[in-house]
Every structure is written in structure tokens, then in C-alpha cells.
Amino acid sequence: MVFEAAFLSSSLDNVKLKKRILELGAHEVGIGDVSVGIAPELSHMPLAISLAIQHPSPHSQNKGAYPYAHFSMTIDRRLLEIQRIITRGIRRQGWRVLPIPPDSCRHESTFISRIFNLFPHKTAATCAGLGWIGKSGLLISYRFGPRLNWATILTNAPLKASNKPVKKSFCDQCTCCVEACPAKAIKNNNWEYTTSYRTMIDVDKCASELQKNRKRYGQYACGICMLVCPKGH
Ligand code: SF4
Ligand code: SF4
């Protein structure tokens with residue numbers, strides 16, 4: 001509540017906003033200009049605040065098929081709470097905001113399911129210069145690799161993009177996730193700004209592996225490509 005009161009009473013700028021978000025528990029935060037290519041429904045909010053919380057150290061996780069599943073919901077709840085505080089603060093100052101939650105089913109007919117398909121968190125993070133899309137299709141942060149959960153807030157508040165957008169991959173010759181993927185779903189293609197997801201990942205093979213894990217372990221999850229990535233260790 002102390003953070004919220006201070007945030008609501010101060011004028012908005014990049015430094016204060018990022019400091020506040022980090023104080024609230026995020027490990028990564030950046031602001032990206034997403035005006036180019038954004039869906040017409042969202043074009044009145046040309047900036048994206050991208051924020052993320054790091055997963056616990058791999059050494060403290062239970063190794064197995066889903067090294068992230070057991071703590072992912074806790075992280076997402078914290079991200080939602082940070083989003084709620086920041087969104088309310090910006091809205092109270094008269095600006096438009098649309099918080100896109102960390103996770104949602106993309107196949108429902110709800111408003112937020114449609115937004116998920118129109119605007120992925122990866123777009124916000126790459127536009128904010130926080131990382132690139134790895135061969136695994138995961139967002140790879142310079143500092144933490146793929147071991148983060150992400151959330152996004154779209155806005156028309158008078159903020160500035162914090163970095164240049166990242167438009168190419170830094171996976172280079174690495175093939176760790178390609179070799180480790182049990183479904184052979186990762187095609188060993190480096191991402192560029194215009195690359196489609198399907199050029200990199202065989203989504204049917206990945207989905208079928210996740211489905212197998214659901215039968216074996218009761219959860220629609222895998223996470224091997226996240227675990228083996230050497231970036232951010
Ligand atoms: S989640 Fe599993 S099956 Fe899917 S791409 Fe990653 S390692 Fe392969
Ligand atoms: S494991 Fe290697 S190739 Fe795969 S995303 Fe990470 S850095 Fe890129």
C-alpha cells in the first residue's frame with residue numbers, strides 16, 4: 001500500500017515507473033514502442049510495459065518433466081498483483097491501460113483470449129529490448145535466459161521506449177534445446193523480426209508431447225527446452 005500511494009501521487013516517467021515495478025518484485029522491466037504492426041483494435045495504446053519475474057534457481061527445483069509447473073502459478077499471481085497496482089496508478093492519472101495477464105487460454109471466446117492472440121508477451125519484451133525469441137520459441141532474456149514468466153501492460157501514457165527493439169536472435173550456433181526436445185519439435189532455425197513461430201517449431205509435435213505428459217503426470221506441460229538453455233545461467 002505504501003508503494004501504491006506513492007505511485008498514485010507522483011507524475012509518470014520511465015525511471016519512476018521502472019523503479020516502482022522492480023520494488024514490487026519484478027526482475028525485468030522495459031518499455032517498448034509497439035506502434036508498428038499492432039492490431040488496429042489496440043493501436044490507440046502504442047506503448048507496452050513488459051515485466052517479468054524470474055523462476056527459482058534450477059538447483060532448488062524438482063527435476064523432471066515440468067521443472068517450472070509447480071511455482072509458475074505463484075509467480076503469475078504476483079505478476080497479476082503488480083499489474084493491478086501499476087494499471088490503477090496509470091489509469092488514475094488519466095491514461096488508457098490494458099493489462100494482458102501472464103497466462104490465459106487462447107482458445108476461449110473471452111476478450112482476453114482474443115487479446116492473447118493479437119498481442120503476445122514476446123512482442124512487448126522484444127520491442128522493449130529485453131531479449132529475443134530463441135530457437136525454442138521461448139523469449140530469451142539477456143539476463144535470465146528463458147526462465148521467466150511475463151506480463152504486459154499496453155498504454156498511451158507519456159512514457160518513452162527504454163531501449164531499441166531486438167530484431168534478431170542471439171542463439172547463434174547453440175543447439176541445446178534442439179537436441180534435448182523429446183518430440184524433435186524444434187527445427188534449429190534462428191529467429192528474426194519477421195519469422196513466424198511455425199518456421200521454428202513444429203507445434204503439433206510439441207502439443208502431442210505435452211498431451212502425453214498430461215496423461216503421464218496430469219499436467220499439460222514440458223519445459224525441457226527451458227531447462228537446458230545455457231543463456232542466463
Ligand atoms: S516444450 Fe518440450 S516438446 Fe515442446 S518444444 Fe520444448 S522441449 Fe520440445
Ligand atoms: S538452448 Fe540454445 S538454441 Fe535453444 S533457445 Fe537457448 S540459446 Fe537458443
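Just above sits the structure.
Source: prediction; values computed, not measured.

Per the secondary structure count, the protein chain includes 9 helices and 6 strands. Counting only residues that meet the buried cut, the protein chain has 37% of its 233 residues in that class. For the protein chain, the proportion of contacts with a sequence separation of at least 24, taken over those separated by at least 6, is 68%.

With that settled, the discussion passes to the site of ligand 2. All residues in the neighbourhood of ligand 2 are listed as G134, K135, S136, I140, C171, C174, T175, C176, C177, V228, C229 and K231. The residue inventory of the shell around ligand 2, partitioned by class, reads 7 nonpolar, 3 polar and 2 charged. Looking at which domains feed residues into the shell around ligand 2, each of domain 1 (2-155) and domain 2 (176-228) gives three or more.

Moving on, we get to the site of ligand 1. Neighbouring ligand 1 are S136, C181, P182, A183, A185, I186, I201, C206, E209, C222, I224 and C225. The set of elements that each furnish at least two residues to the shell around ligand 1 consists of α8 (203-217) and α9 (224-228). Of the residues belonging to the shell around ligand 1, the class tally is 10 nonpolar, 1 polar and 1 charged.

Before going further, it helps to examine the nonpolar core. Ranked by internal contacts, the top residues of the largest apolar core, which has 51 residues, are I21, A26, A48, L51, A128 and C225. The two domains that each donate at least three residues to this core are domain 1 (2-155) and domain 2 (176-228).

The next point concerns the environment of I153. As for its placement among the helices and strands, I153 is situated in strand β6 (residues 148-155). Of the residues examined, I153 has 24 C-beta atoms within 10 Å and is grouped as buried. Setting aside anything within four residues of it in sequence, one finds I153 in contact with I49, Q83, I86, T87, V97 and P99.

The subject of this paragraph is the sheet that holds β6. Think of a sheet as strands paired side by side through backbone hydrogen bonds, with each pair either parallel or antiparallel. An order of β1-β2-β6-β3 is seen for the 4 strands of this open sheet, with the pairing classed as antiparallel. Of all strands in the sheet, those with a lone pairing partner are β1 (28-33) and β3 (97-100), marking the two edges. On average, each strand axis in the sheet is inclined to that of its neighbour by 20°, with strand direction left out of account. Inspection of the sheet shows strand β2 (residues 47-54) paired to β6 by 8 bridges, in the antiparallel sense. Each residue of the ladder has a partner; that of A48, found in β6, is L154.

Calculation criteria
- Residues numbered from 1 in each chain as written.
- Chains lettered and ligands numbered in written order.
- Predicted model: local features only at pLDDT ≥ 70, side-chain atom pairs only at ≥ 80, totals over all residues.
- Helix = DSSP H or I, 4+ residues; strand = E, 2+ residues; numbered from the N terminus.
- Buried ≥ 20, exposed ≤ 12 C-beta atoms within 10 Å, placed from the backbone.
- Contact = placed C-beta atoms within 7 Å.
- Near = placed C-beta within 6 Å.
- Nonpolar A, V, L, I, M, F, W, Y, C, P; charged D, E, K, R; others polar.
- Domains from an automatic or database assignment.
- Core = buried A, V, L, I, M, F, W, Y, C linked by C-beta atoms within 7 Å.
- Pairing = 2+ DSSP bridges.
- Axes fitted to C-alpha atoms, helices over the stretch in contact; angles between N-to-C directions.

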